[in-house]
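The lines below spell out each chain.
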Amino acid sequence: MVPEPPISGPPSSEPPPPENPIHRFSELPTECDSLTLIAAPEDRPGADFADDVRAGLSACPKRLPCLYFYDERGSRLFERICELPEYYLTRAERSILEAHADELAALLAGPVDLVDLGSGNSGKTRLVIEALLRCQGRLRFIPVDISSSMLRESSLALVETYAGLEVLAVAGEYQAGLDYLDAEGGPPRLVLWLGSNVGNFTPPEAVGFLRRLGGAMRPGDALLIGIDLRKEPAVLVAAYDDAAGVTAQFNLNLLARINRELGGGFDLDAFAHEARWNDAEGRMEMHLRSLRGQSVEIADIGLRVSFAEGETIHTESSCKYSLEGIQELAAASGFAISRQWLDGGSRFSLSLMARGGASG
């Protein structure tokens, strides 16, 4: 018997169920069962870089987003910066974790997953990983970083070092990490945002990002945020303009990346790295200063950019906070600070926060 065709009716008025954001992430092959590496969706690979370069170099004053520092070469250069004698931030933050990681683990209500936004080589994060493994025996670690090569390398090193550690690595920008966290289940989470990366946002932008982060957090989650404190401008300028010139290479690599990826014609010898303290805005700034009047073609995006002698491209801002400013930032973002630690020189702060501050 031939079955009768189904009776067709009017199309359903019910909208299709929303797509789970996790389904838009793709899993990349890895060499280890304890490591899962996923990549954020890229609808137009490379398009954001091209669009942002066009917009930034067509603006007045000219600018480029600091997130594009971190291609493979830029990530390696930043790891060298973290080891420089002038760059106190990494050592100061590490000293706090060395002194208080076990105290931090004991403050958490129970077993957690550990999330690291902008994980890099996870050097300092190892101190938290070790403390949590001592406290709870096993741990799932979720690093988020824009450099997939750095993420793969550091994640493999971690699972080879620590028994009981599972790594779920997310290659993408912060927002991709937040999208994943918002959709992914599991136990409560401790979210790390270290390295004073919050300083790359203006204070209103930082509030907006922290509110979005808070929206992806669940009851029982906590945030540990590292924030650089205000200090003598001479100390700050030296940290962003080291004697060995590594930070200059890091800054100029942004132009080299445009040359490599977008057919740019920048002569790197015609630009100089410049670090400034902007007292009115309470921030360090990095610029690339044109040493002569010149015109540069970026072939792949059909753009020609003219520079006057002395004109700069603003490539990074790093806001510095007072302790009162950190309290204000937390409250405006909807967080409450439960514990705060400083390094021995009171140069840097780590604050443990949970949702619950005023959000007005």
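For every chain, the first residue of its written sequence is number 1, and the numbers climb from 1 along that sequence. Note on the predicted model: pLDDT of at least 70 is required for a residue's local features to be given, and 80 or more for side-chain atom pairs to be given and counted; whole-chain, interface and lining totals, by contrast, use all residues. Only hydrogens and water are set aside; all other atoms, that is, all heavy atoms of the structure, feed into the side-chain values.

**Q** What is the right way to look at helix H2 (residues 72-81) in this model?
**A** An α-helical turn contains 3.6 residues, so a residue and the one three or four places further along point in the same direction. Each residue is assigned to one of three classes by its accessible area relative to the maximum for its type, calculated with a 1.4 Å probe on protein chains only: buried under 20%, partly exposed between the two thresholds, exposed over 50%. A helix here means a DSSP run of H or I that spans at least four residues, while a strand means a run of E at least two residues long, and both kinds are numbered starting from the N terminus. Gly74, Ser75, Leu77, Glu79 and Ile81 are the residues of H2 that are buried. Contacts are residue-level and defined by heavy atoms, with any inter-residue pair within 4.5 Å sufficient. Structurally, H2 contributes buried residues whose contacts are with helix H5 (148-161) and helix H9 (246-262).

**Q** Is there a simple way to think about the sheet that holds strand S10 (residues 283-290) in this case?
**A** By way of backbone hydrogen bonds, the strands of a sheet pair with one another, either parallel or antiparallel. Read from one edge to the other, the open sheet built from four strands follows the order S3-S13-S10-S9, with strand pairing classed as mixed. On the outer flanks of this sheet lie strand S3 (62-63) and strand S9 (271-278), each paired with one strand and no other. Axes here mean lines fitted to C-alpha atoms, for a helix over just the part in contact, with angles spanning 0 to 180 degrees between N-to-C directions. Sheet strands in contact with H9 are S9, S10 and strand S13 (312-319), and its direction is about 60 degrees off that of S10. Here a strand pair is declared whenever DSSP counts at least two bridges between the two strands.

**Q** Explain the layout of surface pockets to me, please; I cannot follow it from the model alone.
**A** Here the largest pocket defines a volume of roughly 1200 Å³. In terms of lining residues, the largest pocket is bounded by 49 residues, among which Tyr70, Phe78, Gly118, Tyr174 and Asn197 are the most central. Of all elements in the fold, only H2, helix H3 (88-107), strand S4 (113-117), strand S5 (139-145), helix H6 (174-183), helix H7 (203-216), H9 and S13 reach the threshold of two or more residues within the lining of the largest pocket. The dominant element in the lining of the largest pocket, judged by the number of residues it contributes, is H3, at five residues. A class-by-class count of the residues in the lining of the largest pocket yields 20 nonpolar, 17 polar and twelve charged. A cavity here means a set of points on a 1 Å grid, drawn over the protein atoms and nothing else, where a 1.4 Å probe fits but cannot get out; a pocket is an open set with protein on both sides within 12 Å along at least five of seven lines, and a residue lines either one if it has an atom within 4 Å of a point. Grid points are joined across faces, edges and corners, and a volume is the space filled by probe spheres set on the points. Residue polarity follows a fixed list, in which Ala, Val, Leu, Ile, Met, Phe, Trp, Tyr, Cys and Pro are nonpolar, Asp, Glu, Lys and Arg are charged, and the others, Gly among them, are polar.

**Q** Mind showing me how you'd approach the confidence of the model for the chain here?
**A** As a general rule, the predicted coordinates of low-pLDDT regions are not to be interpreted in detail. On average, residues of the chain score 88 in pLDDT, and 88% of them reach the 70 mark or higher. Note on residues 1-23: pLDDT is under 50 here. Beyond four places in sequence and across chains, it has seven contacts. For every residue, the pLDDT score states the predictor's confidence, bounded by 0 at the bottom and 100 at the top.

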